[in-house]
Amino acid sequence: MLKLCGLQMSNYYNKVKIALIEKGVSFKEETAMISQDPAFLARSPLGKIPFLDLGNGQTLCESQVILEYLEDAYPQVPLLPKDPLARARMRELIAVLELNFELVARRLYWAAFFGGPPPSEETKKEVRRELKKGLRAIRQLAKFSPYAAGTEFGWADCAAANHLPLVGEAVKAIFDEDVYGDYVASVNDYLRIVGERPSMKRTLDDRKAFIKNREGGREKGG
Ligand SMILES: N[C@@H](CCC(=O)N[C@@H](CS)C(=O)NCC(=O)O)C(=O)O
């Protein structure tokens, strides 16, 4: 059986988890900490999570690559439209969202979520500038009608439903601002609709429980 490896609090892990649930593919979950140990690198070459253990001695890393694999290997419930341009549009939205928005905000996560030192003024300035560019492009490309790329739930939602709130939380923590500004109602309406899906509910509940346990463990551990 497939095994999704990583941490239930990770947005990229949850992107893959939602795709697996939506597609009705059986899978198990394995908690795996980010590591640069040779044994871990043998399973995940960059030492990142998530990765998928295929159960035959092989693994796959990179969430988008994993989604592509799942689509090819389990085509019964598609998460990508049939039309070539619509497929490209979905990939375009994910690329913009991840490379030009989530990855930019990622520079804030250490300070925002893990007690790291505050980012420098220079970093904050760069992040603010790049997030603005990324958000402008997202506003241009996202449909939210009601799903991220149009009327059908798909890959773009597996990504957006996890990345959009996380970026919002990071910006709030560091800048005490709402990154979405006058777009916030559209984003929140979208997150409410997508959040009603059982795949999202399960993933978010697991995430909350994971974070709660982790914090409890930390308190216990002093
Ligand atoms: N492009 C990767 C991003 C995955 C990623 O950044 N994962 C984070 C956790 S959410 C991680 O492993 N960080 C550790 C590191 O960057 O070394 C994907 O889509 O899977």
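What you see is a predicted model; the values in this text were computed from it and never measured.

Caption draft 1: Representation of unusual backbone geometry within the structure. Along the chain, Ile49 connects to Pro50 via a cis peptide bond; the corresponding omega equals 5°. For Pro50, the position within the fold is in the loop between helix H2 (38–43) and strand S3 (51–53). In this model, Ser145 is joined to Pro146 through a cis peptide bond whose omega is -5°. In this structure, Pro146 sits in the loop between helix H5 (121–141) and helix H6 (155–175). In the Ramachandran plot, Glu62 falls in the positive-phi region, its phi being about 75° despite a non-glycine side chain. Along the chain, the position of Glu62 falls in the loop between strand S4 (59–61) and helix H3 (63–73). On the basis of neighbour counts, which here come to 18 C-beta atoms within 10 Å, the residue Glu62 falls in the partly exposed class. Its identity as a non-glycine residue notwithstanding, Phe144 has a phi of 50°, on the positive side. Summarising the element assignment, Phe144 is placed in the loop between H5 and H6. Residue Phe144 is classed as partly exposed on the basis of its 18 C-beta neighbours within 10 Å.

Caption draft 2: Representation of the environment of Phe113 in the model. Along the polypeptide, Phe113 turns up in helix H4 (residues 84–113). Here the alpha-carbon distance between Phe113 and Ala170, two residues 57 residues apart in the chain, equals 7.4 Å.

Caption draft 3: Focus on the domain arrangement of the chain. Taken domain by domain, the chain consists of domain 1 (2–73) and domain 2 (84–214). When each unit is reduced to the centre of its C-alpha atoms, the spacing between domain 1 and domain 2 is 20 Å. Listed per partner, the contact involves 12 residues of domain 1 and 17 residues of domain 2. Those elements that provide at least two residues to the side of domain 1 that touches domain 2 are helix H1 (11–23) and H3. Each residue belonging to the side of domain 1 that touches domain 2 can be placed in one class, and the counts come to five nonpolar, four polar and three charged.

About the criteria used
Residues numbered from 1 in each chain as written. Predicted model: local features only at pLDDT ≥ 70, side-chain atom pairs only at ≥ 80, totals over all residues. Helix = DSSP H or I, 4+ residues; strand = E, 2+ residues; numbered from the N terminus. Buried ≥ 20, exposed ≤ 12 C-beta atoms within 10 Å, placed from the backbone. Domains from an automatic or database assignment. Contact = placed C-beta atoms within 7 Å. Nonpolar A, V, L, I, M, F, W, Y, C, P; charged D, E, K, R; others polar.

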